[in-house]
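Structural characterization, general
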Amino acid sequence: MTAKFSTTSKVNVTNDTGSVSFMCPNCGEFEIVRSQHDREIVVPYVCPKCGFEGPN
Ligand SMILES: [Zn+2]
């Protein structure tokens, strides 16, 4: 199993059951990974490929 790290906080979310990962909604080329903690405090993310800013 490949380790997964949050795009924003760089924490290992491999065993974080509350984490989510999805392809960038703008370019669809980069997988955004967010830990449960990121979601709880609504940490914004930026796609390193196209510069799209989320969470929306
Ligand atoms: Zn993107």
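Further up the page is the structure itself.
This one's a predicted model, so the numbers in the text were calculated from it and none came from an experiment. (Residues numbered from 1 in each chain as written. Predicted model: local features only at pLDDT ≥ 70, side-chain atom pairs only at ≥ 80, totals over all residues. Heavy atoms only, no water.)

The coordination sphere of the zinc ion, as far as protein atoms go, consists of Cys24 (SG), Cys27 (SG), Cys47 (SG) and Cys50 (SG), spread over 2.3 to 2.4 Å. In this structure, the zinc ion is surrounded by four donor atoms whose angles at the metal cover 106 to 114 degrees, and the resulting shape is tetrahedral. Mapped onto the sequence, the donors of the zinc ion take the spacing C-x2-C-x19-C-x2-C. The class of Cys47 is buried, set by a relative accessible area of 2%. Looking at Cys50, the relative accessible area reads 33%, which means it is partly exposed. (Donors = N, O, S within 2.8 Å, 3.2 Å for Na, K, Ca; no water. Tetrahedral: all angles 85-135°; square planar, octahedral: opposite > 155°, others 65-115°. Buried < 20%, exposed > 50% of the residue type's maximum accessible area, 1.4 Å probe, protein only.)

Here the focus is the packing of aromatic side chains. In the structure shown here, the tally under the stated rule is two aromatic pairs. Summarising the aromatic geometry, the rings of Phe22 and Tyr45 are spaced 5.7 Å apart at their centres and angled 70 degrees between planes, so their arrangement reads as edge-to-face. Of the two residues, Phe22 sits in strand β1 (residues 20-23) while Tyr45 sits in the segment after α1 (36-40), which places them 23 residues apart along the sequence. Looking at Phe22, the relative accessible area reads 27%, which means it is partly exposed. By relative accessible area, Tyr45 is classed as buried at 1%. Their ring planes at 45 degrees and their centres at 6.5 Å tell us that Tyr45 and Phe52 sit as a pair that is tilted. Assessed through its relative accessible area of 21%, Phe52 is described here as partly exposed. Feature note: the residues Phe22, Tyr45 and Phe52 constitute an aromatic cluster, connected by ring pairs. (Phe/Tyr/Trp six-rings, centres within 6.5 Å; stacked < 30°, edge-to-face > 60°. Helix = DSSP H or I, 4+ residues; strand = E, 2+ residues; numbered from the N terminus.)

This part takes up the side chain of Thr7. With respect to the helices and strands, Thr7 occurs in the segment before β1. Note on Thr7: relative accessible area 14%, which makes it buried. Aside from chain neighbours lying at most four places away, what touches Thr7 is Phe30, Glu31, Ile32, Val33 and Val46. (Contact = heavy atoms within 4.5 Å.)

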